Amino acid sequence: MAVGNLQGKVAVITGGSSGIGAATARALAAEGMDLVLAARRADRLTAVAQSIRAMGRRVETVEIDVAAPNASNALLDAAERAFGRFDVVFANAGYGMERAHHDTPESDLRHMFEVNFFASTDLITQAAKRLIAADRKGHLLMCSSCLAKFTLPYYGAYAATKAAQGMMCRAMRFELEPHGIEVSSVHPVTTVTEFFEQSAARSGLHASDRKVPDHAPKFFVQPPERVAKAIVRCLHRPRSEVWTSLAVRLAAGFITAFPGLFDGACRREAARSRMAHQRAKGH
Ligand SMILES: NC(=O)c1ccc[n+]([C@@H]2O[C@H](COP(=O)([O-])OP(=O)(O)OC[C@H]3O[C@@H](n4cnc5c(N)ncnc54)[C@H](OP(=O)(O)O)[C@@H]3O)[C@@H](O)[C@H]2O)c1
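Cut-offs and rules
- One numbering rule holds for all chains: residues counted from 1, following each sequence as written.
- Local features in this predicted model are restricted to residues of pLDDT 70 or higher, and side-chain atom pairs are both shown and tallied only at a pLDDT of 80 or more, whereas totals for entire chains, interfaces and linings draw on every residue.
- To get the side-chain values, take all heavy atoms of the structure and skip hydrogens and water.
- Here, the term nonpolar core denotes a set of buried Ala, Val, Leu, Ile, Met, Phe, Trp, Tyr and Cys residues that are joined through side-chain atoms within 4.5 Å.
- Burial here depends on accessible area, computed with a 1.4 Å probe over protein chains only, as a share of the maximum for the residue type. Under 20% is buried, over 50% is exposed, and the range in between is partly exposed.
- Runs of H or I in DSSP of at least four residues are treated as helices and runs of E of at least two as strands, each being numbered from the N terminus.
- For this analysis, residues touch if any pair of their heavy atoms sits within 4.5 Å.
- Put simply, a residue is near a molecule or strand once any heavy atom of it comes within 4 Å of that molecule or strand.
- Pairs of N or O atoms are called polar contacts if they sit within 3.5 Å, as long as, within protein, a hydrogen donor faces a hydrogen acceptor (for residues adjacent in sequence, only side-chain-to-side-chain pairs).
- Surface accessibility in these figures is a Shrake-Rupley result with a 1.4 Å probe; residues are shielded only by whichever protein chains are displayed.
- Any residue that is not Ala, Val, Leu, Ile, Met, Phe, Trp, Tyr, Cys, Pro, Asp, Glu, Lys or Arg is counted as polar, Gly included; the first ten are nonpolar and the last four charged.

## Some points on the nonpolar core
Counting 33 residues, the largest nonpolar core has Leu28, Leu35, Leu37, Ile52, Phe90, Leu141 and Val186 as the members making the most contacts within it. Listed by contribution, the elements that provide at least two residues to this core are β1 (10–14), α1 (19–30), β2 (34–39), α2 (42–53), β4 (88–91), β5 (138–143) and α7 (224–236). Contact partners of Ile52, with chain neighbours within four places excluded, come to Ala25, Arg26, Ala29, Leu35, Leu37, Arg57 and Val59. By size, the runner-up hydrophobic cluster in this structure holds 27 residues, among which are Val12, Ile124, Leu140 and Met172.

Shown next, in the form of structure tokens:
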């Protein structure tokens, strides 16, 4: 059941300092929602908050690492202190990594799961518990990825975290349905944000012109506002999964059924990534 008219309702968004989180915050403010934005970079949070206040909505910013102990409860406490409620929670904070798994330290893999999977799962779990205790409706979303459904070489760890998010959302959707709580996973395709720059830096690659991978088909590349718009639509008309590309969604189903047909593309992508890593190492 949808949370209804969004005017005056409150949304909590992690990763609100840039990209998809910031675009979603602005789209929800345009719907009349008040916002609680969380991320680590205070200056970036302040800039996004100012743009939302200029739209006439109220904003609370919370400078937090989502993987820190008790981060979810601290964030939900901040929302309840500022606004007395929350109606929508978008666990969006996350990052990517482009590395061969045999060259990835286990600590990096574990950290990625902490941020992308455990933190987002904990946030919507704590939010669900509070909504149930208060007998309130709500809509809980996680930012997964199209890579929840298939992977590319050098993206195994990232895709594993995104698949885990998708599975968790799908199960929780039906566990929480009797309580009037909606759960949805969001599956963006290549989106123009800081994601690829951050991912390249974390993976030891050159950050230069990595805003969007040069090999990504141009017709799959989208602005973060497109994801934000799809999320707004999902709040009005809840669904299990939010996709912004029907072509990639259908391709994901096809690859699941016939993985061998995607082997050639995977080999080409593996060769490209291998060369990028060799260039970065100066070979
Ligand atoms: N861009 C794409 O092509 C794409 C495609 C599919 C899915 N996604 C997913 O979309 C989500 C948002 O990414 P984006 O594309 O908008 O990239 P982005 O511009 O790099 O945004 C990532 C956000 O997450 C926050 N964040 C990262 N680690 C955090 C931590 N430990 N604690 C708190 N906040 C943290 C960052 O804020 P601070 O650095 O200020 O903490 C930032 O606001 C991610 O979950 C990503 O996996 C992206």
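## Things to note about the site of the ligand
As a structural note, the neighbourhood of the ligand is formed by 29 residues, with Ser17, Ser18, Arg40, Tyr158 and Thr193 the closest of them. Taking Phe195, its main chain carries an N or O atom lying 3.5 Å from an oxygen atom of the ligand. Considering the ligand on its own, with 880 Å² of exposed area, one finds that the protein chains cover 96% of that surface. Residue assignment for the shell around the ligand shows that the elements contributing at least two residues are α1, α5 (156–176) and α6 (195–202). Grouping the constituent residues of the shell around the ligand by class yields twelve nonpolar, twelve polar and five charged.

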